[in-house]
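So the chains spell out like this:
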Amino acid sequence: MLLGRVAGTLVASRKEPAMEGFKFLVVAELDIDGEATGGYVVAVDAVGAGTGEVVLYATGSSARQTVATDRKPCDAVVMAIVDTWEVDGAEVWRK
Amino acid sequence: MLLGRVAGTLVASRKEPAMEGFKFLVVAELDIDGEATGGYVVAVDAVGAGTGEVVLYATGSSARQTVATDRKPCDAVVMAIVDTWEVDGAEVWRK
Amino acid sequence: MLLGRVAGTLVASRKEPAMEGFKFLVVAELDIDGEATGGYVVAVDAVGAGTGEVVLYATGSSARQTVATDRKPCDAVVMAIVDTWEVDGAEVWRK
Amino acid sequence: MLLGRVAGTLVASRKEPAMEGFKFLVVAELDIDGEATGGYVVAVDAVGAGTGEVVLYATGSSARQTVATDRKPCDAVVMAIVDTWEVDGAEVWRK
Amino acid sequence: MLLGRVAGTLVASRKEPAMEGFKFLVVAELDIDGEATGGYVVAVDAVGAGTGEVVLYATGSSARQTVATDRKPCDAVVMAIVDTWEVDGAEVWRK
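Everything quoted here is computed from the prediction, not taken from an experiment. (Residues numbered from 1 in each chain as written. Chains lettered and ligands numbered in written order. Predicted model: local features only at pLDDT ≥ 70, side-chain atom pairs only at ≥ 80, totals over all residues. Heavy atoms only, no water.)

Regarding its fold elements, chain A presents zero helices and eight strands. The secondary structure elements of chain A, listed N-terminal to C-terminal, are β-β-β-β-β-β-β-β. Relative to its length of 95 residues, chain A is compact, with a C-alpha radius of gyration of 14 Å against a globular reference of 12 Å. Taking the principal axes of its C-alpha atoms as reference, chain A extends roughly 45 × 25 × 20 Å. Relative to its 95 residues, chain A shows a buried fraction of 56%. Surface accessibility of chain A: about 3500 Å² in total, with carbon and sulfur atoms responsible for 47%. In chain A, the 9 positive side-chain charges and the 14 negative ones have mean positions that sit 12 Å from each other. (Helix = DSSP H or I, 4+ residues; strand = E, 2+ residues; numbered from the N terminus. Rg over C-alpha atoms; globule rule 2.2 N^0.38 Å. Buried < 20%, exposed > 50% of the residue type's maximum accessible area, 1.4 Å probe, protein only. Areas by Shrake-Rupley, 256 points an atom, 1.4 Å probe, with all protein chains shown as cover. Lys, Arg positive; Asp, Glu negative; His and termini not counted. Charge placed at Lys NZ, Arg CZ, Asp CG, Glu CD.)

It is worth spelling out the arrangement of the chains at this point. Separated in space, chain C and chain D share no contact, their closest pair of C-alpha atoms being 10 Å apart. At no point do chain B and chain E touch; the closest pair of C-alpha atoms across them sits 10 Å apart. (Contact = heavy atoms within 4.5 Å.)

The operation relating chain A to chain D is a screw motion whose rotation component is 72°, with 0.0 Å of axial translation and a residual RMSD of 0.0 Å. Seen this way, the second copy is the image of the first under a five-fold rotation axis. Looking at the interface residues of chain A, only 4% of them are also at the interface in chain D, so each copy uses its own face. (Least-squares fit on C-alpha atoms with pLDDT ≥ 70 in both.)

This part takes up the interface of chain D and chain E. Each side of the interface is counted separately: chain D has 27 residues, and chain E has 29 residues. Between chain D and chain E lies a buried interface of about 2300 Å² when both sides are counted; carbon and sulfur atoms form 53% of it. Among the residues chain D hides against chain E, the three largest losses belong to Met1, Ile32 and Gln65 of chain D. Together they make up 28% of the total. On inspection of chain D and its partner chain E, the count reaches one salt bridge. Here Asp88 of chain D and Arg5 of chain E are joined by a salt bridge, their closest N and O atoms 3.1 Å apart. For the pair chain D and chain E, the interface holds 18 residue pairs in polar contact (both at pLDDT 80 or more). A class-by-class count of the residues in the side of chain D that touches chain E yields 16 nonpolar, seven polar and four charged. Two strands pair when backbone bridges link them, and strand S6 (residues 76-81) of chain D and strand S2 (residues 14-15) of chain E are joined in this way by two bridges, in the antiparallel orientation. By the bridge assignment for S2 of chain E, Ala80 of chain D is matched with Lys15 of chain E. (Buried area = accessible area lost by both parts, 1.4 Å probe. Salt bridge = Lys/Arg side-chain N within 4 Å of Asp/Glu carboxyl O. Polar contact = N/O pair within 3.5 Å; in protein donor to acceptor, adjacent residues only side chain to side chain. Nonpolar A, V, L, I, M, F, W, Y, C, P; charged D, E, K, R; others polar. Pairing = 2+ DSSP bridges.)

Here it is in structure tokens:
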């Protein structure tokens, strides 16, 4: 999984029928220090994350291992909201 | 999923029999601000996207999770046409 | 899928038994304008492509979705020979 | 698999129910000489690794091939603690 | 698949039980001209490759498509020892 910040949302009314009802989040990738890398992903929301929250997202076939995304053409899912992480004993970020 | 702009189409008459009948789109990858990154992918069209449209595409095994692409040697699919997205409360793009 | 040019062939007499009989192609990756990127992949040939031809190749689990490569330790397959593609209405390349 | 150093841990109380009970490790990627590359991954711990240990991690669908992570939305797992490795006959690192 | 040179071996006594008995190879990635790229992977050996040999390796779920690695948390496997390859009619390398 990688760390990301929910930067915003995306609307797509014309889409694969299997993707109806999903909320798409625009997620800016963070590095190990919590800084934006410039990378991003558009992910399905599986945990009710809001704009600004720091999250974990899974990509590839693992993104289909939730009840909602099973057998869907979805390759990225936000599967956790991060409370805190630490590097070498120092807290990098806290919600 | 990543954002892309449909830059054009591709024709391949000699191909895996399982790929007959698909429309191949040449998709230029966009960054979170809607600018071209220089990257691209050739994707199967699952939503009837036309040249110039901004789309979402899924890659890897997730690209096979549509009725059309099931069990096909296809690793990228356009699965939504984007209406709009926003970053930090500001609309980046609207169709 | 990505665009590539068949740059040459590779011989490997000692290999996983499941890979016997495959033709390995050395494929130089092309960008959206048909220029070499410097990247490459060694792919199994599923369409009878020859050196110099421009092809499409699929990677990852999708590379196993042909009759020949099913359940084989193969992560890249040439699955189409490209006739032509266009970008923004202009033909980039024609066979 | 890639080499990494366990840099720290991550806590996420709100997450996909399937991910309850996992320990998330923040793993800094190492190069072939044991130096940090700047890359990282957040991985599930399958071997009881502690902060500072050098480990191997697997990504993608292979990260779900443990009893703990089977059918979970998990795309990275620490699956071994490294004792030593050598390059061209010289030991690079020993635990 | 990508080209690599077996640079050395890796020992990990504490690991996922499913990974017992495997030989881990440290493989330096090669480019299309046979030069080291600086990249690497730690792969399971499926063909009895020795240090210094030039090999092909498969990654992702394809790395589990050998008898040995089936359903194992393994994302890279050496599946062939390269005899020779050529680019544009010129032999790049011969064993």
